[in-house]
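# Understanding the architecture of this molecule
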Amino acid sequence: MTLEKVKELMQTRMDYFEQHLSDETITAQLKAYTANLGTVPDDIAEAAFYAALGNCRYPKQFLADWQEAVRDIQLDALPSPERMWENALDTARSMQEVWETACIGYTDGEGTHHGGGKAKIQAMFDRQPEAVRNYYGTPATQIKALTQSSRSELARNRYRGFVTAMDKAPVKALQAPPLPQLTQGIQPAAQISDSSKSA
């Protein structure tokens, strides 16, 4: 959030609560708001501000209410914990299929395994949100937990624990990692120029 937006919203909050604060108090609040909400985009911060303003009963609790409103808005843009569970199940099944087909490979005379699936499995695991990766720790753990459990075990224990962990995870950890950027190719030697410009 930009400093200008923080100042604008702080003034709105003071007007709303009919507060007349000292310069020292305003500076302290400005620092607190910037430290806690500085990375939030202006549009999300402003929408969350008005949501928090409508729910806040105590001005001293406003920052906590504002942060909670920001989290709610950010979570609305992400898959629900239930959808994340389905994605984790699908990923585990896909990793299991790769393991069964591509990881068998063979071992040479020096004991080196030659199966191409391990890198594919790791890449599939790494494409999941950080919170999911942290929850399972390794691809093998995720495969074992989600493909080798009975349906009742999945529904009774595994699902509940997963959803609880996702509910407690920070918003940033719930976002899928960005896709790898394509490397830019070599620029062409000849460039097409504007014909109206003289050489």
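Details of the structure are given in the entry above.
In short, a report on the structure. Computed from a predicted structure; not experimentally measured.

## A few points about the overall build of the protein chain
- Helix and strand counts for the protein chain come out as 10 helices and 2 strands.
- Shown N-terminal to C-terminal, the secondary structure of the protein chain runs as helices and strands in the order α-α-α-α-α-β-β-α-α-α-α-α.
- Within the protein chain, contacts between residues separated by at least 24 positions form 65% of all contacts whose residues are at least 6 apart in sequence.
- When the accessible surface of the protein chain is summed, it comes to about 13600 Å², and 52% of that surface belongs to carbon and sulfur atoms.

## Some points on helix H6 (residues 117–126)
- Looking only at H6, the buried set comprises Gly 117, Ile 121, Met 124 and Phe 125. On an axial view of H6, the arc spanned by its buried residues comes to 100 degrees, and they lie on one face.

## Observations regarding the pattern of salt bridges
- Tallied over the entire structure, the rule returns 4 salt bridges.
- Between Arg 83 and Glu 86 there is a salt bridge, with its nearest N and O atoms 2.7 Å apart. One end of the pair is Arg 83 and the other is Glu 86, both in helix H5 (residues 81–102) and 3 residues apart, which spans about a single turn.
- Judged by relative accessible area, which is 40%, Arg 83 ranks as partly exposed.
- Take Glu 86: its relative accessible area is 39%, and that puts it in the partly exposed class.

## Digging into the environment of Phe 17
- Along the chain, Phe 17 turns up in the loop between helix H1 (3–16) and helix H2 (23–37).
- Along the sequence, Phe 17 and Tyr 58 sit 41 residues apart, while their C-alpha atoms lie 9.3 Å from each other.
- The contact partners of Phe 17, leaving out residues within four places of it in the chain, are Leu 53, Cys 56, Pro 59 and Phe 62.

## Observations concerning the layout of surface pockets
- Roughly 270 Å³ of internal volume is contained in the largest pocket.
- Considering the residues around the largest pocket, the lining is formed by 14 residues, among which Thr 39, Val 40, Val 70, Gln 74 and Val 171 are closest to the centre.
- When contributions to the lining of the largest pocket are tallied by element, the ones reaching two or more residues are H2, helix H4 (62–76) and helix H10 (171–174).

## Regarding the nonpolar core
- Core analysis: the biggest nonpolar cluster contains 25 residues, and Trp 85, Val 132, Tyr 136, Leu 146, Phe 162, Met 166 and Leu 174 have the highest contact counts within it.
- Per-element accounting of this core gives the leading share, 7 residues, to H5.
- Discounting residues that sit within four places of it in the chain, Tyr 136 has contacts with Trp 85, Ala 88, Phe 125, Thr 141, Gln 142, Ala 145, Leu 146 and Phe 162.
- Ala 45, Ala 48, Trp 66 and Val 70 belong to the second-largest nonpolar core, a separate cluster that totals 20 residues.

## A few points about the side chain of Asp 65
- The topology assignment puts Asp 65 in helix H4.
- Each residue touching Asp 65, except ones within four places of it in the same chain, is listed here: Ala 52 and Cys 56.

## Topic: the packing of aromatic side chains
- Summed over the entire model, instances satisfying the criterion amount to 12 aromatic pairs.
- Judged by centre distance (5.2 Å) and plane angle (70 degrees), the rings of Phe 49 and Trp 66 are edge-to-face. You can see Phe 49 sitting in helix H3 (residues 42–55) and its partner Trp 66 sitting in helix H4, a full 17 residues away along the chain. A single burial state applies to Phe 49 and to Trp 66, both of which are buried.
- Following the ring pairs from residue to residue traces out a cluster consisting of Tyr 16, Phe 17, Tyr 33, Phe 49, Tyr 50, Phe 62 and Trp 66.

Parameters and conventions
Residues numbered from 1 in each chain as written. Predicted model: local features only at pLDDT ≥ 70, side-chain atom pairs only at ≥ 80, totals over all residues. Heavy atoms only, no water. Helix = DSSP H or I, 4+ residues; strand = E, 2+ residues; numbered from the N terminus. Contact = heavy atoms within 4.5 Å. Areas by Shrake-Rupley, 256 points an atom, 1.4 Å probe, with all protein chains shown as cover. Buried < 20%, exposed > 50% of the residue type's maximum accessible area, 1.4 Å probe, protein only. Arc of directions from axis to C-beta. Salt bridge = Lys/Arg side-chain N within 4 Å of Asp/Glu carboxyl O. 1 Å grid on protein atoms, 1.4 Å probe; cavity = no way out; pocket = protein on both sides within 12 Å on 5 of 7 lines; lining within 4 Å. Points joined across faces, edges and corners; volume = space filled by probe spheres on them. Core = buried A, V, L, I, M, F, W, Y, C linked by side-chain atoms within 4.5 Å. Phe/Tyr/Trp six-rings, centres within 6.5 Å; stacked < 30°, edge-to-face > 60°.

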